[in-house]
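For reference, the chains in residue letters:
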Amino acid sequence: GAVVSQHPSWVICKSGTSVKIECRSLDFQATTMFWYRQFPKQSLMLMATSNEGSKATYEQGVEKDKFLINHASLTLSTLTVTSAHPEDSSFYICSARAPQFQGKLFFGSGTQLSVL
Amino acid sequence: GQQVMQIPQYQHVQEGEDFTTYCNSSTTLSNIQWYKQRPGGHPVFLIQLVKSGEVKKQKRLTFQFGEAKKNSSLHITATQTTDVGTYFCAGPPGGNQFYFGTGTSLTVIP
């Protein structure tokens, strides 16, 4: 099956620093990647949709200068949380999609970000 | 933006009882998918429904897509402890986005 790898699994950082999260499709080329944020016992909130080689489409209310998304290749997308603050602490999870899977999403294992 | 609501939010059942979660979208969906997320895990794809009125079965799980393609349901017959988790419906409203429902957390009491 299709595998999506996400790193790091958890990260603790100081307020004001930037954190980069990587999402890789290991055995397929992902034409679209999605980034979600999930608070405890809540649903996945779509942050942005990114297609390889083009700018990400951000959802309303998501600051694109705060959450930088780069989809540089068909197997890699990165989310950088810039100047992180405690309110950015959350579970971030990526997913990938490719045409051969008829719309099915494959998820990374997620990144738990804690900003002190 | 699109709203995809699920009810109930939480459900506790005795092992062996049936369970149903309902999904309602504010907009028509081109297709609907269901995912299961175990505690501490990531969502895992269960099924996709595309056609209006479609019904699909996977062992003890039955999935339905409404005639108007705005609602869906997941029914589990005779729940087992392995069914524990949060069930999400999800779908694209026609664009490139992919929105998840609010989820139903299922607890199965042995």
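The structure contained in this document is the topic of the report that follows. These numbers were taken from a predicted model, which means no experiment stands behind them.

Turning next to the state of the cysteines. Residues and elements named next belong to chain A. All chains considered together, the criterion is met by two disulfides over all chains. Here C23 engages in a disulfide with C94; their sulfurs sit 2.0 Å apart. Classification of the bridge connecting C23 and C94 rests on its S-S torsion, roughly 80°, and on that basis the disulfide is right-handed. Of this pair, C23 sits in strand 3 (residues 19-25) while C94 sits in strand 9 (residues 90-97), placing them 71 residues apart in sequence. The burial state of C23 is the same as that of C94; both residues are buried. Not part of a disulfide, C13 finds its nearest cysteine sulfur in C94, a span of 18 Å. On the accessibility criterion, C13 (10% relative accessible area) is buried.

In this section: the nonpolar core. By size, the foremost hydrophobic cluster in this structure holds 26 residues, and its most contacted members are V4, F28, W35, L79, Y92 and L113 of chain A. Looking at this core, the elements with two or more residues in it are strand 2 (10-13), strand 3, strand 4 (32-38), strand 5 (44-51), strand 7 (67-73), strand 8 (76-81), strand 9 and strand 11 (111-115) of chain A. Apart from residues no more than four positions distant in its own chain, V4 of chain A is found in contact with C23, R24, S25, F28, C94, A96, F106, F107 and G108 of chain A. Of all hydrophobic cores here, the second largest spans 19 residues; its members include I32, W34, L61 and V108 of chain B.

Time to look at the sheet that holds strand 1 (residues 4-7) of chain A. Residues and elements named next belong to chain A. Read across the sheet, four strands follow the order 1-3-8-7 without closing on themselves; strand pairing throughout is antiparallel. Of all strands in the sheet, those with a lone pairing partner are strand 1 and strand 7, marking the two edges. Across the sheet, the mean angle from the axis of one strand to that of its neighbour is 15°, orientation sign disregarded. Both strand 7 and strand 8 contribute to a ladder of five bridges, which runs antiparallel. Following the sheet pairing, I69 is matched in strand 8 by L79.

Rules used throughout
- Residues numbered from 1 in each chain as written.
- Chains lettered and ligands numbered in written order.
- Predicted model: local features only at pLDDT ≥ 70, side-chain atom pairs only at ≥ 80, totals over all residues.
- Heavy atoms only, no water.
- Disulfide = S-S within 2.5 Å.
- Helix = DSSP H or I, 4+ residues; strand = E, 2+ residues; numbered from the N terminus.
- Buried < 20%, exposed > 50% of the residue type's maximum accessible area, 1.4 Å probe, protein only.
- Core = buried A, V, L, I, M, F, W, Y, C linked by side-chain atoms within 4.5 Å.
- Contact = heavy atoms within 4.5 Å.
- Pairing = 2+ DSSP bridges.
- Axes fitted to C-alpha atoms, helices over the stretch in contact; angles between N-to-C directions.

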